[in-house]
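Spelled out, the chains give:
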Amino acid sequence: MEGMKRYSIALLPGDGIGHEVIPAARRVLEKAAAAAEAALEFASYEWGSEYYFEHGVMMPPDALPRLRQHDAILLGAVGHPDIPDHITLNGLLLPIRRGFDLYANVRPAYLYEGVACPLKGYEGGSINMVVVRENTEGEYAQAGGFVHHHFPDEVAIQTSVFTRHGVERIIRFAFDLARQRNHGKRVASITKSNAQGFGMVLWDRVFREVAAEYPDIQTESLLVDAAAMNFVRRPDSFDVVVASNLFGDILSDLSAIVTGSIGLAPSANLDPARRAPSLFEPVHGSAPDIAGKGVANPLATVLAAAMMMEHLGEPGMASAMEAAVRAVLAGGEALTPDLGGKAGTGETVEALLRHV
Ligand code: GGG
């Protein structure tokens, strides 16, 4: 159709339940696109652990140039019980995040109507936060090495890397997001600068400098241990939370479970400058314990796909997909076991399709 917007999406199911949640999200995307008169072209890349067993690498050497041709990437999960996690993660997801400089990892946590909160006294809508995780450096910088490798006196050195450029851009992103969300207009910065006396002291200092440019936004600075406690004690007080790569990863599992299930937690790995395709994924991993059983919750991936369409400039499609998720949850329809239901992935998808 003339004038129809076209988007090229790379699908990377990866491992385990990635092979169940990606086809599920694709069906919802296709229905939402038809309603929005947008054309989606999908290219599937079968990279991951099975590829590793065959080729000795998680993806081919030309993976990044091939992915770069697409408008966005939708990834399922990475991880296999027979391959060490540092090989799978460093072989697939991290090279894409770093290679495309996807420095902002945005992980919203929202308590949906109809979802049981494990904490007492919280109703639908009362928890609404987003963890903004620095995604290219910090504790994930892979700077270090082994000395006397595999000898009894071996030494491992692992260095965190915090650059002023990297810290400032993620903090600025968090403040801009707080303005845009118009929710609580609050940014909480998480470090451990009493113990990490260089990188995280730099982070705290840059946070104060950037905060001074956003007088309309309230701020707090928390040590990560206090933040973990307060995610449980007062989760409704958080709006935007900005943290280093590792702390953001850990805290976003906590925000996910506080809002009901990691099966509901989406994630966007953004290049805000749009020089490269951004990558969207559920926060959860490959879940080998349930892989192949047809009970994986597809909602986190559907919500990640909605974030992808929002990023691509299709807010109508994004809100239609999110509304379908809301309706399924609020109606207690076709819920998977992580949400206390008995439905399989396919039944959840059918319920979603009825609402899109
Ligand atoms: N959904 C992608 C996935 O499998 N994530 C699991 C994981 O271990 N991720 C590590 C990270 O995000 O740093």
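Not measured: the values here are computed from a predicted model.

Q: Could you give me a rundown of the domain arrangement of the protein chain, with the residues and numbers involved?
A: Taken domain by domain, the protein chain holds domain 1 (1–103 + 266–356) and domain 2 (128–258). Computed over C-alpha atoms only, the centres of domain 1 and domain 2 are separated by 25 Å. Residue-level contacts link 12 residues of domain 1 with 10 residues of domain 2. When domain 1 packs against domain 2, close to 1000 Å² is buried across both sides, 53% of that on carbon and sulfur atoms.

Q: So, the sheet that holds strand E2 (residues 38–44): which residues are in play, and what are the values?
A: The strand order E2-E1-E3-E12-E11-E4-E5-E10-E8-E9 describes an open sheet built from 10 strands, whose pairing is mixed. Looking at strand neighbours, the two that pair on one side only are E2 and strand E9 (218–223), the edges of this open sheet. The average angle at which neighbouring strand axes cross in this sheet is 20 degrees, direction not considered. Inspection of the sheet shows strand E4 (residues 104–110) paired to strand E11 (residues 266–270) by three bridges, in the antiparallel sense. In the sheet register, Asn105 faces E11, and the bridge partner there is Asn269. Strand contacts of helix H6 (residues 164–181): E4, strand E5 (128–134), strand E8 (186–191), E9, strand E10 (240–243) and E11, with the helix running at about 160 degrees to E5, the strand carrying the most contacts.

Q: Which residues make up the environment of Leu93, and what values do they have?
A: Relative to the elements of secondary structure, Leu93 occurs in helix H5 (residues 93–99). For Leu93, a relative accessible area of 5% corresponds to the buried category. Along the sequence, Leu93 and Tyr52 sit 41 residues apart, while their C-alpha atoms lie 14 Å from each other. When residues no more than four places from it in sequence are discounted, the contact partners of Leu93 are Leu75, Val78, Thr88, Leu279 and Glu281.

Q: Please give an account of the environment of Val115 that cites residues and values.
A: Mapping Val115 onto the fold places it in the loop between E4 and E5. The buried category is assigned to Val115, whose relative accessible area is 12%. Distance in space between the C-alpha atoms of Val115 and Gly332 is 8.2 Å, their sequence separation being 217 residues. Each residue touching Val115, except ones within four places of it in the same chain, is listed here: Thr259, Gly260, Leu264, Leu329 and Leu339.

Q: Give me the lowdown on the site of the ligand, citing residues and values where you can.
A: Lining the immediate surroundings of the ligand are 15 residues, of which Val78, Arg133, Glu281, Pro282 and His284 lie closest. The separation between an oxygen atom of the ligand and a polar main-chain atom of Val78 is 2.8 Å. Separating an oxygen atom of the ligand from a side-chain N or O atom of Arg133 is a distance of 2.7 Å. Going through the elements one at a time, strand E3 (72–77) and strand E12 (278–282) are the ones with two or more residues in the shell around the ligand. The element best represented in the shell around the ligand is E3, accounting for three residues. Residue composition of the shell around the ligand, by class: seven nonpolar, three polar and five charged.

Q: Lay out the packing of aromatic side chains with the relevant residues and their values.
A: For the structure on display, the rule yields seven aromatic pairs. Ring centres 4.7 Å apart and planes at 40 degrees place the aromatic pair Tyr45 and Trp47 in the tilted group. The pair formed by Tyr45 and Trp47 is uniform in burial state, with each residue classed as buried. Chaining the aromatic ring pairs together yields one cluster made of Phe175, Phe207 and Tyr214. If you follow Arg133 out to its NZ or CZ, it ends over the ring of Tyr140, 4.9 Å from the centre.

Q: So, the packing of helix H1 (residues 18–36) against helix H10 (residues 299–311): which residues are in play, and what are the values?
A: Direction vectors running N to C along H1 and H10 enclose 50 degrees, while the axes themselves pass 9 Å from each other. On the basis of their axis angle, the class for H1 and H10 is oblique. Like other packed secondary-structure pairs, H1 and H10 cross with a definite hand, here right-handed. Note on element contacts: H10 touches H1 through Thr301, Val302, Ala305, Met308 and Met309, opposite Val21, Ile22, Ala25, Val28 and Leu29. A per-class count over the contact of H1 with H10 returns nine nonpolar, one polar and no charged.

Cut-offs applied
- Residues numbered from 1 in each chain as written.
- Predicted model: local features only at pLDDT ≥ 70, side-chain atom pairs only at ≥ 80, totals over all residues.
- Heavy atoms only, no water.
- Domains from an automatic or database assignment.
- Contact = heavy atoms within 4.5 Å.
- Buried area = accessible area lost by both parts, 1.4 Å probe.
- Pairing = 2+ DSSP bridges.
- Helix = DSSP H or I, 4+ residues; strand = E, 2+ residues; numbered from the N terminus.
- Axes fitted to C-alpha atoms, helices over the stretch in contact; angles between N-to-C directions.
- Buried < 20%, exposed > 50% of the residue type's maximum accessible area, 1.4 Å probe, protein only.
- Near = heavy atom within 4 Å.
- Polar contact = N/O pair within 3.5 Å; in protein donor to acceptor, adjacent residues only side chain to side chain.
- Nonpolar A, V, L, I, M, F, W, Y, C, P; charged D, E, K, R; others polar.
- Phe/Tyr/Trp six-rings, centres within 6.5 Å; stacked < 30°, edge-to-face > 60°.
- Lys NZ or Arg CZ within 6 Å of the ring centre and 35° of its normal.
- Parallel < 35°, antiparallel > 145°, perpendicular 65-115°, else oblique.
- Left-handed = near helix turned anticlockwise from the far one by under 90°.

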